[in-house]
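# An overview of the molecular structure
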Amino acid sequence: MRKQLIVLVAGLALVTGSVIQAIPASAAPIKSNAAVRMLSNEQAAAIKFQGVSIGLNEDQLIKLVGEPSRKDSSEYGFEWYIYNKDYERYLQVGVRNHKVVALYTNAKEWKAGGVGFGSTKNEITAVFGPALNQIKKGNTIYQYKDNGGKYSLHKVGSLYATVFYDTKLQSKASSIQLIQQETELAFQGYYGTPSESLRSSFEQEVFDLTNTMRVRHGKKPLQWNDQIATTARKHSADMGKRNFFNHSNPDGETPFDRMKEDGVAYKQAGENIAAGQTSAIFAHENWMNSEGHRNNILGDFARLGVGVSFGGSYKVYYTQNFYTPSL
């Protein structure tokens, strides 16, 4: 049995119009001219971000980095401990049964086995080994696309590492997610079990990740706005219910019509949408690699609301609504 992941993203700004695109097929593994120096199991297990490594117990984690700002659900079933007090050192730590089983960071300081933020794909491949395009879990083979060179998946010792690249900045490594092998192999499907907790977690993570990029690029963080988050959430639910993927709904209403109907007064506004992305991390990373979405994320807005809804042909829909109040 083979499953194939399909994702869509689209972005809308006041002047750019709608962009809809499908993810291209997986490229061949990158061939590196660099000498291969793949990490051993012990070296992989020793990878640390802000002193945190997979396998630590919860007490050790708290002693190292303190209590998290919040605890989010994940598609894998573990909890993400969110460390967002300093957006320049943003960290998500996956915890299950009081043990660290996953890590994600986009902090510029991350390093793993001599590669890290700013490394090239060839350098990553020399250390992490060839990119994978599938993982066998039991009798099922799960296929993964490299999303047009936007990320690469590697088996690194007893970990699965997904490295995300910034294609707008010479395709250099930008962020990384590590998942313990046992946790990855136990995860069946591409999507987690839909729940209100998971929906809310995805929304909050999209918000945080947006602000990490704004701070990285010298922009002020956006303020969360419940009113426009409701507008965003209703559009995501509508796309799933009526089986469409567009900024304009089947009734011809645009994002700006929907904002007006919900009483949102703005002097400028924008919208990003995505469908089929397996997590907030993947939705955000794909938006950052598309010019229209990136312009919205780094745009001169003041407020943001995020709405996620499960269901429909693409399983999960994401909407970001940005605006600056008119008053």
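The structure this text deals with has already been given above.
These notes cover the structure that comes with them. (Residues numbered from 1 in each chain as written. Predicted model: local features only at pLDDT ≥ 70, side-chain atom pairs only at ≥ 80, totals over all residues. Heavy atoms only, no water.)

## Some words on empty space enclosed by the protein
- Evaluation of the coordinates by the stated rule reveals two cavities of 30 Å³ or more.
- Considered as a void within the structure, the second largest cavity measures approximately 50 Å³ in volume.
- Considering the residues around the second largest cavity, the lining is formed by Tyr165, Asp166, Ser174, Met213, Arg216, Glu285, Met288, Asn289 and Arg294.
- Looking at the lining of the second largest cavity, the elements that each hand over two or more residues are β13 (159-166), α5 (196-216) and α8 (280-288).
- Across the lining of the second largest cavity, the residue classes break down as three nonpolar, two polar and four charged. (1 Å grid on protein atoms, 1.4 Å probe; cavity = no way out; pocket = protein on both sides within 12 Å on 5 of 7 lines; lining within 4 Å. Points joined across faces, edges and corners; volume = space filled by probe spheres on them. Helix = DSSP H or I, 4+ residues; strand = E, 2+ residues; numbered from the N terminus. Nonpolar A, V, L, I, M, F, W, Y, C, P; charged D, E, K, R; others polar.)

## Things to note about the side chain of His284
- For His284, the position within the fold is in helix α8.
- His284 sits in the buried class, given a relative accessible area of 1%.
- Look past the residues within four positions of His284 in its chain and what remains in contact with it is Leu209, Thr210, Met213 and Ile297. (Buried < 20%, exposed > 50% of the residue type's maximum accessible area, 1.4 Å probe, protein only. Contact = heavy atoms within 4.5 Å.)

## Focus on the pattern of salt bridges
- A complete count under the given rule lists 13 salt bridges for this structure.
- A salt bridge links Glu109 to Arg89; its shortest N-O distance comes to 2.9 Å. Here Glu109, found in the loop between β7 (99-105) and β8 (111-112), pairs with Arg89, found in the loop between β5 (79-83) and β6 (91-96); they are 20 residues apart in sequence, far enough to count as distant.
- When its relative accessible area of 36% is taken as the criterion, Arg89 is described as partly exposed.
- For Arg242, the salt bridge identified is with Asp238, shortest N-O distance 2.8 Å. With Arg242 and Asp238 both in helix α6 (residues 226-242) and four residues apart, this pair spans about one turn of that helix.
- Residues joined by salt bridges that share partners form a network here, namely Glu196, Arg199, Glu203 and Arg233. (Salt bridge = Lys/Arg side-chain N within 4 Å of Asp/Glu carboxyl O.)

## Thoughts on the sheet that holds β6
- The strand order across the open sheet formed by seven strands is β4-β5-β6-β7-β14-β13-β12, and the pairing between neighbours is antiparallel. Edge positions in the open sheet fall to β4 (70-73) and β12 (151-156), since each of these has one partner strand only. Between one strand and the next, the sheet's axes are offset by a mean angle of 25 degrees, whatever the strand orientation.
- Where β4 and β5 come together, four bridges link them in antiparallel fashion. Counted as the bridge partner of Arg70 is Ile82 from β5. (Pairing = 2+ DSSP bridges. Axes fitted to C-alpha atoms, helices over the stretch in contact; angles between N-to-C directions.)

## Focus on the nonpolar core
- Phe78, Trp80, Tyr104, Tyr144, Trp287, Ile297 and Tyr318 are the most contacted members of the largest nonpolar core, which has 42 residues in total.
- If we skip the residues at most four places from it in the chain, Tyr104 touches Trp80, Tyr90, Leu91, Gln92, Phe164, Ser175, Ile176, Gln177, Leu209, Ile281 and Glu285.
- Counting residues in hydrophobic clusters, the runner-up holds 29 residues, among them Leu56, Leu91, Val127 and Val163. (Core = buried A, V, L, I, M, F, W, Y, C linked by side-chain atoms within 4.5 Å.)

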